[in-house]
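Residue-level structure breakdown
What follows is the residue order along each chain.
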Amino acid sequence: MAAVDLTRDAARVLGAGWLEPDERLIEATPVWGLPALEGIPKPPWPADQLGARILRVAGLTLLWIVGSVVVLIVLLVLADGMGGGGGESGGTKTKGPAVVLHGKGRDSLAGRLVTPGLRRRGWWVFTNRRVAFVAPRGRVSGKFWSGSGPEQEAAGPVPVDTVAEVRDSAYTYEGDVDRVRRTRILRRSKPAGLYKRVRFADGSGIDFRRRHQ
């Protein structure tokens, strides 16, 4: 079976059985790992991903050591958002995270959604009935390749797991909000863009970055 392309395949995969009758898809935001967390601690790594994580960190460390000073400077500039990102006008692109879960600790309503399963590749989905994190089973294309190259024909329905879900009776949709972000190196505040905000009763919530700014 061909790998699921998170950028292209959301409507097809979710519409083939995950969406309920008359349920309308509003946002299906692709993510390749844990969403941004504000005020909520990160979950532990699942055992099946821990070994791969260690190898990845070791490889990145080696590249860091053998890399040139110029490359390091470029990476730091990009990480700090000084390479043209973060503006609001003049066609400058903002760089906010795709999805943000915010709350006060793990016991907040948003914090209770944060489990090791959120480290999987999948979609944060917002419909007229619920918000959920949905992860396809099987092969999923990497972030670098997603949305590029020729489209492949679907071989049939793709099974998915609903890792986290909240029905609309448990939250309020507050509409669009402007978010800011903190740069990693200099800790400066920069615009992150417009987000759709879902708010839970305790004040925690989920922000979905708008596709069209």
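What comes next concerns the included structure. Model, not experiment: these values are computed from the prediction.

1. Observations regarding the pairing of strand S3 (residues 99–102)
Residue alternation in S3 divides its side chains into two sets, Val99 and Leu101 and Val100 and His102, and both sets are buried. One ladder, built from three bridges, connects strand S2 (residues 36–38) with S3; its direction is parallel. Bridging across to S3, alanine 36 finds its partner in valine 100. Alignment of S3 against strand S9 (residues 205–209), held across four bridges, turns out to be antiparallel.

2. Some points on unusual backbone geometry
Phi angles above zero are rare outside glycine, and aspartate 22 is one such case at about 70 degrees. By the secondary structure assignment, aspartate 22 is in the loop between helix H1 (10–18) and strand S1 (25–31).

3. Considerations on the side chain of aspartate 207
Inspection of the secondary structure puts aspartate 207 in strand S9. Overall, aspartate 207 belongs to the buried group, its relative accessible area being 0%. Of the polar contacts made by the side chain of aspartate 207, one reaches the side chain of histidine 102; its length is 3.2 Å. At 2.8 Å, the side chain of aspartate 207 forms a polar contact with the side chain of arginine 179. In this structure aspartate 207 touches Ala98, Val99, Val100, His102, Val177, Arg179, Tyr195, Lys196, Arg197 and Val198, once residues within four positions along its chain are discounted.

4. Concerning the nonpolar core
Ranked by internal contacts, the top residues of the largest apolar core, which has 22 residues, are Leu101, Trp124, Val131, Phe200 and Ile206. For this core, the secondary-structure elements that each account for two or more residues are S1, S3, strand S4 (122–127), strand S5 (130–136), strand S6 (160–167), strand S8 (189–200) and S9. Beyond its immediate stretch of four places on either side in the chain, tryptophan 124 contacts Glu27, Ala28, Thr29, Val31, Pro35, Val99, Leu101, Leu118, Ala132, Phe133, Ile206 and Phe208. Val13, Leu14, Ala132 and Val158 belong to the second largest nonpolar core, which has 15 residues in total.

5. Concerning H1
All of the buried residues along H1 are Ala10, Val13, Leu14 and Trp18. For H1, the angular spread of the buried residues around the axis is 90 degrees, confining them to a single face. Counted as exposed and oriented over 90 degrees from the buried face of H1: Ala11 and Ala16. Looking at the buried residues of H1, the elements they touch are S1, S4, S5 and S6.

About the criteria used
- Residues numbered from 1 in each chain as written.
- Predicted model: local features only at pLDDT ≥ 70, side-chain atom pairs only at ≥ 80, totals over all residues.
- Heavy atoms only, no water.
- Buried < 20%, exposed > 50% of the residue type's maximum accessible area, 1.4 Å probe, protein only.
- Helix = DSSP H or I, 4+ residues; strand = E, 2+ residues; numbered from the N terminus.
- Pairing = 2+ DSSP bridges.
- Polar contact = N/O pair within 3.5 Å; in protein donor to acceptor, adjacent residues only side chain to side chain.
- Contact = heavy atoms within 4.5 Å.
- Core = buried A, V, L, I, M, F, W, Y, C linked by side-chain atoms within 4.5 Å.
- Arc of directions from axis to C-beta.

All we've got here are geometric facts, nothing functional implied.
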